[in-house]
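# Results of the structural survey
Spelled out, the chains give:
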Amino acid sequence: MRYKSTRSDRQAIPASQAILEGIAPDGGLFVPESIPPLPCSPEELAAMDYRQTALAIMQPYLTDFTKEELEACIEGAYDAKFDTEEIVPLAKVEDAYYLELFHGPTIAFKDMALSILPHLMTAAMKKSGTGKETVILTATSGDTGKAALEGFAGVPGTRIIVFYPKDGVSAIQRQQMVTQQGDNTWVVGVDGNFDDCQSGVKANFADRELGQKMEGAGLSFSSANSINIGRLVPQIVYYVYAYARLLREGEIEKGEAVNIVVPTGNFGNILAAYYASRMGLPVHRLLCASNENKVLYDFFATGAYDRRRPFILTDSPSMDILVSSNLERLIYELTGCDPDQTSLFMQELGRDGNYRIDDAMRKKLEIFRGGFASQQESRQEIERVFQDCGYVMDTHTAVASAVYRAYRLETGDRTKTLIASTASPYKFAPSILQAIEPGWEREKDGMEELAWAFACTEELSRLSGTEIPEAVRKLKTAPVRHKLFCETGEMRQTVEEILKL
Ligand SMILES: *Cc1c(COP(=O)(O)O)cnc(C)c1O
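Everything quoted here is computed from the prediction, not taken from an experiment. (Residues numbered from 1 in each chain as written. Predicted model: local features only at pLDDT ≥ 70, side-chain atom pairs only at ≥ 80, totals over all residues. Heavy atoms only, no water.)

A few words on the overall build of the chain. Regarding its fold elements, the chain presents 22 helices and 16 strands. Considering only C-alpha atoms, the chain reaches an extent of 60 × 55 × 45 Å along its principal axes. Among the 501 residues that make up the chain, the fraction classed as buried is 61%. A separation of at least 24 residues holds for 77% of the contacts in the chain among residues at least 6 apart in sequence. For the chain, the exposed surface amounts to about 18900 Å²; the carbon and sulfur share of it is 48%. For the chain, the distance from the average site of its 53 positive side-chain charges to the average site of its 70 negative ones is 2 Å. (Helix = DSSP H or I, 4+ residues; strand = E, 2+ residues; numbered from the N terminus. Buried < 20%, exposed > 50% of the residue type's maximum accessible area, 1.4 Å probe, protein only. Contact = heavy atoms within 4.5 Å. Areas by Shrake-Rupley, 256 points an atom, 1.4 Å probe, with all protein chains shown as cover. Lys, Arg positive; Asp, Glu negative; His and termini not counted. Charge placed at Lys NZ, Arg CZ, Asp CG, Glu CD.)

Moving on, we come to empty space enclosed by the protein. Within this structure, the stated rule accounts for five cavities of 30 Å³ or more. The calculated volume of the largest cavity comes to roughly 270 Å³. Along the walls of the largest cavity sit 26 residues, with Phe109, Lys110, Gly265, Asn266 and Ser318 positioned nearest its centre. When contributions to the lining of the largest cavity are tallied by element, the ones reaching two or more residues are α7 (143-152), β10 (258-263) and α12 (268-279). Top element by residues in the lining of the largest cavity is α12. It accounts for three residues. Its residues assigned to classes, the lining of the largest cavity comprises 10 nonpolar, 13 polar and three charged. Space inside the second largest cavity adds up to approximately 60 Å³. Contributing to the lining of the second largest cavity are Thr264, Gly265, Ser290, Asn291, Asn293, Lys294, Val295, Leu296, Tyr305, Met319, Ile321 and Ser324. (1 Å grid on protein atoms, 1.4 Å probe; cavity = no way out; pocket = protein on both sides within 12 Å on 5 of 7 lines; lining within 4 Å. Points joined across faces, edges and corners; volume = space filled by probe spheres on them. Nonpolar A, V, L, I, M, F, W, Y, C, P; charged D, E, K, R; others polar.)

Moving on to the site of the ligand. Neighbouring residues of the ligand: 15 residues in total, closest Lys110, Asp143, Gly265, Asn266 and Thr422. Measuring from an oxygen atom of the ligand, one finds a backbone N or O atom of asparagine 269 at 2.9 Å. Residue threonine 422 places a side-chain N or O atom 2.8 Å away from a nitrogen atom belonging to the ligand. With the chains in place, 98% of the 380 Å² that the ligand exposes on its own is no longer accessible. Under a 2 Å grid-point criterion requiring more than half of the atoms, the pocket assigned to the ligand is the largest cavity. (Near = heavy atom within 4 Å. Polar contact = N/O pair within 3.5 Å; in protein donor to acceptor, adjacent residues only side chain to side chain. Sits in = over half its atoms within 2 Å of the grid points.)

What follows deals with the side chain of serine 401. Within the secondary structure, serine 401 is located in helix α18 (residues 395-411). Judged by its relative accessible area of 0%, serine 401 falls in the buried class. In this structure serine 401 touches Tyr98, Glu381, Met393 and Ile419, once residues within four positions along its chain are discounted.

What follows is about the pattern of salt bridges. Between side chains of opposite charge, pairing is possible as soon as their charged atoms come close. Throughout the structure, instances matching the rule amount to 38 salt bridges. A salt bridge links lysine 127 to glutamate 69, with the shortest nitrogen-to-oxygen separation between them at 2.6 Å. You can see lysine 127 sitting in helix α6 (residues 117-128) and its partner glutamate 69 sitting in helix α4 (residues 67-77), a full 58 residues away along the chain. In this structure glutamate 69 comes out as partly exposed when scored by relative accessible area, which is 27%. (Salt bridge = Lys/Arg side-chain N within 4 Å of Asp/Glu carboxyl O.)

Once that is clear, we can look at the domain arrangement of the chain. Taken as a whole, the chain is organised into domain 1 (90-108 + 230-425) and domain 2 (429-475). For the pairing of domain 1 and domain 2, the buried interface totals around 1000 Å² over both sides, and the portion due to carbon and sulfur atoms is 71%. Summed over the three residues of domain 1 that lose the most area to domain 2, namely Arg379, Phe386 and Pro425, the buried surface amounts to 42% of that side. Applying the counting rule to domain 1 against domain 2 returns zero salt bridges. (Domains from an automatic or database assignment. Buried area = accessible area lost by both parts, 1.4 Å probe.)

Let us now look at the sheet that holds strand β1 (residues 2-5). The three strands are arranged β2-β1-β3 in an open sheet whose pairing can be described as antiparallel. If you trace the sheet from one side to the other, it starts and ends with β2 (13-14) and β3 (30-32), each paired once. Note that β1 and β2 share two bridges and pair antiparallel. Of the residues in β2, the one forming a bridge with arginine 2 is proline 14. (Pairing = 2+ DSSP bridges.)

This part covers helix α10 (residues 208-216). Counting along an α-helix, one turn takes 3.6 residues, and residues three or four places apart therefore face a common direction. Sitting at the amino-terminal end of α10 is aspartate 207, which places a side-chain oxygen 3.2 Å from the backbone nitrogen of glutamate 209. Remark: glycine 218 follows α10 within two positions and exhibits a positive phi of approximately 75°.

Let's shift gears to the layout of surface pockets. Computed from the structure, the largest pocket encloses a volume of approximately 1400 Å³. Elements represented by at least two residues in the lining of the largest pocket include exactly α1 (15-21), α6, β6 (133-139), α9 (194-206), α10, β9 (219-223), α14 (327-334) and α15 (339-352). A per-element tally of the lining of the largest pocket places α9 first, with eight residues. When its residues are assigned to classes, the lining of the largest pocket shows 18 nonpolar, 17 polar and 13 charged. Its boundaries defined by the atoms lining it, the second largest pocket holds a volume of some 520 Å³.

Now for the packing of aromatic side chains. Under the definition given, this model contains 17 aromatic pairs. Taking 5.3 Å as the distance between ring centres and 45° as the angle between the ring planes, the aromatic pair formed by phenylalanine 345 and tyrosine 355 counts as tilted. On the criterion of sequence distance, the pair formed by phenylalanine 345 in helix α15 and tyrosine 355 in strand β13 (residues 354-356) is long-range, its members being 10 residues apart. Looking at phenylalanine 345, the relative accessible area reads 8%, which means it is buried. The rings of Phe267, Tyr274, Tyr275, Phe299, Phe300, Tyr305, Phe345, Tyr355 and Phe368 are connected pair by pair, giving a single aromatic cluster. We note lysine 127 situated over the ring of phenylalanine 65; from NZ or CZ to the ring centre the distance is 5.1 Å. (Phe/Tyr/Trp six-rings, centres within 6.5 Å; stacked < 30°, edge-to-face > 60°. Lys NZ or Arg CZ within 6 Å of the ring centre and 35° of its normal.)

So this is what it looks like as structure tokens:
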């Protein structure tokens, strides 16, 4: 299996190289030359545990890794860092199955891919034999940053620099990042929003002069953002695993199709579900759930992608995104894998802030449905499900859950449904409490954001009868290690200073 860029027909490269480069030199994203079929039947998959499923699904994508190498990566990633043997438990609540992707070290779904990416990268570095050190440059809307820091901290031959929007992450998310340990880690608050961080990082990748300076210092950039194929591939695994679990437990019958609802930001998680369906997993609909930054909803409804609109800060910050990078990979598929046409769309997006696909392309989107939920609707969903079933979900998952309810009402579609549950509610405890116990807000009374967030986790634990995760408890006493800030225009300079170029 080889990987080529969405934007040019230059020679295809092996997976290990695509993982190291992160993004193609022409600014495009790496895509597999073809999407492989499922390696065995869903019935056979149903007998596998998470690690075995990961091997079976990842092998046909990462063919230049040996089986032993892949096994070592998988063993190193999906181990006791996860607080449950199942790795991704499935909670049946009302008539839906919540696929809990937040049982890793940073309690968000980013751990699913970022706990394995460093292992894949170090294996790839050994293969490349260039002896260069890899510098991971990452923009985060809150969860990626911490998961990447946690994954790469202390990994020999790597350094990691994370840029986050200074006022665009939750107090717990910020504290998780600024207390990160490891001499190879740097965390920088940017005076801007997530899109500013992401375009700053992309500009650094594309900067030739900076690239030459890096080369001279024996360094090369790579990305831990969801544009890296080394993140996308591990994300396919849990959809297949969840389907096989439903089959094993007799919740669905052989060959029965399911719907999958994904709370979406950068379009990485749902793209992985799409790849799973293309591999042959029986999927009826993929519901792409957006918050009030509903660019994707509009895209699925009209065929026009238009980023020219106000950026809205919501209580599902990891979905506050107007440029969903991974959509480029879908666009590429819709053009019939035409790099020139894909480039044109991306140029239009860069230049004019919008583009429109034609009807022939829209036809190929049959499997997708877009939906969105306002902040109020998702809070009501949190409240309703907690009152009715005692199940507490986070603010991102709530967007998906609300979109699912509305879709069922509207269409009468009774297909069994998996809802990707992307973060622990403890990560966003203040927002959860506003939903389930509105009067609680009075307790705040001049308390600082972080102290308030901790108080909320305790109250949430009391109300829900669930334990505060270790990942949150240990933050209370962890010292702040990162105090760097920069303006949006200073990201390159900041990188040069950190790397002493
Ligand atoms: C990153 C993230 C999302 C969005 O996922 P994408 O792959 O960017 O679409 C949703 N929820 C949470 C909690 C996240 O961290």
